[in-house]
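Geometric and topological summary
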Amino acid sequence: MNFQKLNIPVKTIITIAACLVSLMGSIYTVNEGHIGIVKRFSEAKEQVNPGLHFKVPFIDSVEEIEVRTRKNEERMASSTKEQMPVTVSVSVNWTVDKTAALELFRQYGGLSQFESRILDPRFRSATKDVIPRFDAEKLIQDRASAIQAIEANLIEEMKDFPVTVDNIQIENIQLPAKYLTSIETKQTEKNLAAAEEHKLARQNLEAQRDVNTAKAKADGIKLVAIAEAESIRIKGLAEAEAITAKAKALGDNPLIVKLTEAQNWDGKLPSTMLGGQNMPILDLRAK
């Protein structure tokens, strides 16, 4: 564009350009998950939250500090309780306190300086203090206990700093190959022993079930026998009572015997009779 044809003075053009540059230099943004540290002549003055902000051009500058969860990983050599060499890879997730970002920047000049001077050395120390408390087998089979111990150590070490230790993980454990083979063999033997114990327990359970079944069957037979005996006893008592009643009735009235004989007679006289025996015929005629 030809400013001379527009009759715009050079001073005006320079002024407009300077204003645009100043305007562009006074606007800045802070990314989400970060805190902006505003520096004036390299001196940290304030912290600002994510979003659009304004600063003094050519005087103020801005640096960001991440306040999202960060992960630091350390790989270190140590030894187990039985003095076996071991190499462990351990990681820590940690977060900067949003309200203390300015303080952290003033003391350490940023996250990289804080990590190298404060966090990482204490993290290594907390890990190397815990690993020798565990024998190799325990370290492999129960990582959670080792992790809890390292985490407790590091939290104690970092309690005076504006950060939060979120969690720790043991990413990898490297032991001598011969020892790993012996652990696998030992674990296999334990698994086989556990399988045998399970098999024996199952057999005992089945045997006990058979015993219970036989006992229940025997108890059932016993109950049936008792019921039958009780039935016979009651039936015998009833028959005895009936016989007693009949005997009493016969004793009270002798003619019932003759009446019964007459009711059962078929009308035929006996073909033989012994001497002196009376005729078995009732004489119902009037005297």
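What you are looking at is a predicted structure, and each value in this text was computed from that prediction instead of being measured.

**Some thoughts on helix H3 (residues 111-130)**
Here H3 spans 26 Å end to end across 20 residues, near enough to the 28 Å set by a 1.5 Å rise per residue. Each element contacted by the buried residues of H3 is listed here: strand S5 (60-66), strand S6 (70-79), strand S7 (85-96), helix H2 (101-108), helix H5 (143-157) and strand S8 (163-174).

**Observations regarding H5**
Given a rise of 1.5 Å per residue, 15 residues ought to cover 21 Å, and the 21 Å separating the end C-alpha atoms of H5 matches this to within 8%. Restricting attention to buried positions, one finds in H5 the residues Ala 146, Ile 147, Ala 149, Ile 150 and Leu 154. Relative to the axis of H5, the buried residues are bounded by an arc of 165° and lie together on one face. Buried residues belonging to H5 abut S7, H3, helix H4 (136-141) and S8.

**Structural notes on the nonpolar core**
Grouped together as the largest cluster of nonpolar side chains are 43 residues, with contacts concentrated most on Phe 114 and Met 158. By residue number, the principal contributor to this core is H3, which donates seven residues. Setting aside chain neighbours within four positions, we find Phe 114 in contact with Trp 94, Leu 104, Tyr 108, Leu 119, Met 158, Phe 161 and Val 163.

**Quick notes on the pattern of salt bridges**
Scanning the entire structure with this criterion turns up 15 salt bridges. Across the pair Arg 202 and Glu 206 runs a salt bridge whose closest N-O atoms are separated by 3.6 Å. Residue Arg 202 and its partner Glu 206 are both found in helix H6 (residues 177-252); the two are separated by four residues, about one turn of the helix. When its relative accessible area of 54% is taken as the criterion, Arg 202 is described as exposed.

**Brief notes about the sheet that holds strand S3 (residues 43-48)**
The three strands are arranged S3-S2-S5 in an open sheet whose pairing can be described as antiparallel. The open sheet terminates on both sides in strands that have one partner only, identified here as S3 and S5. When strand polarity is set aside, the average angle formed by the axes of neighbouring strands in this sheet is 30°. When strand S2 (residues 34-40) meets S3, the two strands line up antiparallel, connected through five bridges. Bridging across to S3, Ile 37 finds its partner in Gln 47. Lying over the sheet, H2 contacts S2, S3 and S5, oriented at roughly 155° with respect to S3.

**Focus: the sheet that holds S7**
Read from one edge to the other, the open sheet built from three strands follows the order S6-S7-S8, with strand pairing classed as antiparallel. Either end of the sheet is taken by a strand with one partner, and the two such strands are S6 and S8. With strand direction ignored, the average angle separating the axes of adjacent strands in the sheet is 20°. As defined by bridge partners, S6 adjoins S7 across 10 bridges and the pair is classed as antiparallel. Residue Glu 73 lies in a different strand from S7, and its bridge partner there is Ser 91. Lying over the sheet, H3 contacts S6, S7 and S8, oriented at roughly 40° with respect to S6.

Cut-offs applied
Sequence order as written defines the numbering, with residues in each chain counted from 1. Residues qualify for local features only when their pLDDT is at least 70, as the model is predicted, and side-chain atom pairs are given and counted only at 80 or more; totals for whole chains, interfaces and linings, by contrast, use all residues. In computing side-chain values, all of the structure's heavy atoms are included and hydrogens and water are not. We count a stretch as a helix when DSSP gives it H or I for four or more residues in a row; a strand needs E for two or more, and each element gets its number in order from the N terminus. Multiplying one less than the number of residues by 1.5 Å gives the expected span of a helix. Note on definitions: a residue-residue contact is assigned when non-hydrogen atoms from the two residues lie within 4.5 Å. Burial status follows relative accessibility: with a 1.4 Å probe on protein chains alone, a residue under 20% of its type maximum counts as buried, one over 50% as exposed, and anything between as partly exposed. The directions from the helix axis to the C-beta atoms are what the arc is built from. We call a set of buried Ala, Val, Leu, Ile, Met, Phe, Trp, Tyr and Cys residues a nonpolar core when their side-chain atoms join them within 4.5 Å. A carboxyl oxygen of Asp or Glu within 4 Å of a side-chain nitrogen of Lys or Arg is what we treat as a salt bridge. In short, DSSP must find at least two bridges between two strands for them to pair. Fitting a line to C-alpha atoms yields each axis, with helices limited to the stretch in contact; the angle taken between N-to-C directions then spans 0 to 180 degrees.

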